[in-house]
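# Remarks on the overall topology
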Amino acid sequence: MDGHEPDPRFTLANERTFLTWLSTSLAMSAGGIAMAAVPANIFVDWIKTLLAVVLVVLSAVTAVMAYPRWRHVQRALRRQDPLPPPALAPLFGYGVAGVAVIALVLILLA
């Protein structure tokens, strides 16, 4: 990469953030698998499947986007440019919140 070597603390913080995105991806994947494993008599099947698919898709998007995000931040640190905005964070936040709200409604109605 071009530019100057950034302060190691910033590089290591960027790496920890990358690993946290991967941990988040794993948690969403586990949540999707758990949702798919809910017994059929608890939730309506198609809603249960939809929630599971949404979580697993969010998991895959998170995992796929973690490295490019790390690379863009690292490049900005080396060039002493402003950091890129976390464009996907709202998608993940709203996606997981939406799944949680729908699951809560289904739990209350069950």
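## Structural notes on the packing of aromatic side chains
- Counted according to the given criterion, the structure contains two aromatic pairs.
- Centroid distance Tyr67 to Trp70: 5.6 Å. Interplanar angle 25°. Geometry classified as stacked. In this pair, Tyr67 and Trp70 are both assigned in helix 2 (residues 45–79), three residues apart and thus about one turn of the helix distant.
- Judged by relative accessible area, which is 42%, Tyr67 ranks as partly exposed.
- A residue is classified by how much of its surface remains accessible, and Trp70, at 22% relative accessible area, is partly exposed.

## Considerations on helix 2
- In a regular helix each residue adds 1.5 Å, so 35 residues correspond to 51 Å; helix 2 covers 51 Å between its end C-alpha atoms and thus fits that length.
- In the segment just after helix 2, Gln80 is the residue with positive phi, at about 55°.

## Digging into a nonpolar patch on the surface
- A grouping of Val44, Trp46 and Leu50 is seen on the molecular surface, where their side chains present a nonpolar patch of about 330 Å² in accessible area.
- Note that Leu50 resides in helix 2.

## A short note on helix 3 (residues 89–109)
- A rise of 1.5 Å per residue sets the reference length of helix 3, with its 21 residues, at 30 Å; its end C-alpha atoms lie 30 Å apart and thus fit the reference within 8%.
- Listing the buried residues of helix 3 in full gives Phe92, Gly95, Val99, Ala103 and Leu106. Angularly, the buried residues of helix 3 cover 70° about the axis, an arc narrow enough to put them on a single face. Turned more than 90 degrees away from the buried face of helix 3 sit Tyr94, Val101, Leu108 and Leu109, all of them exposed.
- If you follow the buried residues of helix 3, they end up packed against helix 1 (8–36) and helix 2.

## Comments concerning the pattern of salt bridges
- Under the counting rule described, the total for this entry stands at three salt bridges.
- A salt bridge links Glu5 to Arg78; the nearest nitrogen and oxygen atoms lie 3.1 Å apart. Placement of Glu5 in the segment before helix 1 and of Arg78 in helix 2 is noted, with a sequence separation of 73 residues between them.
- For Glu5, a relative accessible area of 60% puts it in the exposed group.
- Look at Arg78 and you get buried, because its relative accessible area is 16%.

Rules behind the numbers
Residues numbered from 1 in each chain as written. Predicted model: local features only at pLDDT ≥ 70, side-chain atom pairs only at ≥ 80, totals over all residues. Heavy atoms only, no water. Phe/Tyr/Trp six-rings, centres within 6.5 Å; stacked < 30°, edge-to-face > 60°. Helix = DSSP H or I, 4+ residues; strand = E, 2+ residues; numbered from the N terminus. Buried < 20%, exposed > 50% of the residue type's maximum accessible area, 1.4 Å probe, protein only. Expected span 1.5 Å × (residues − 1). Patch = residues over 30% accessible without salt bridge, like charges linked within 9 Å, V, L, I, M, F, W, Y side chains within 5 Å. Areas by Shrake-Rupley, 256 points an atom, 1.4 Å probe, with all protein chains shown as cover. Salt bridge = Lys/Arg side-chain N within 4 Å of Asp/Glu carboxyl O. Arc of directions from axis to C-beta. Contact = heavy atoms within 4.5 Å.

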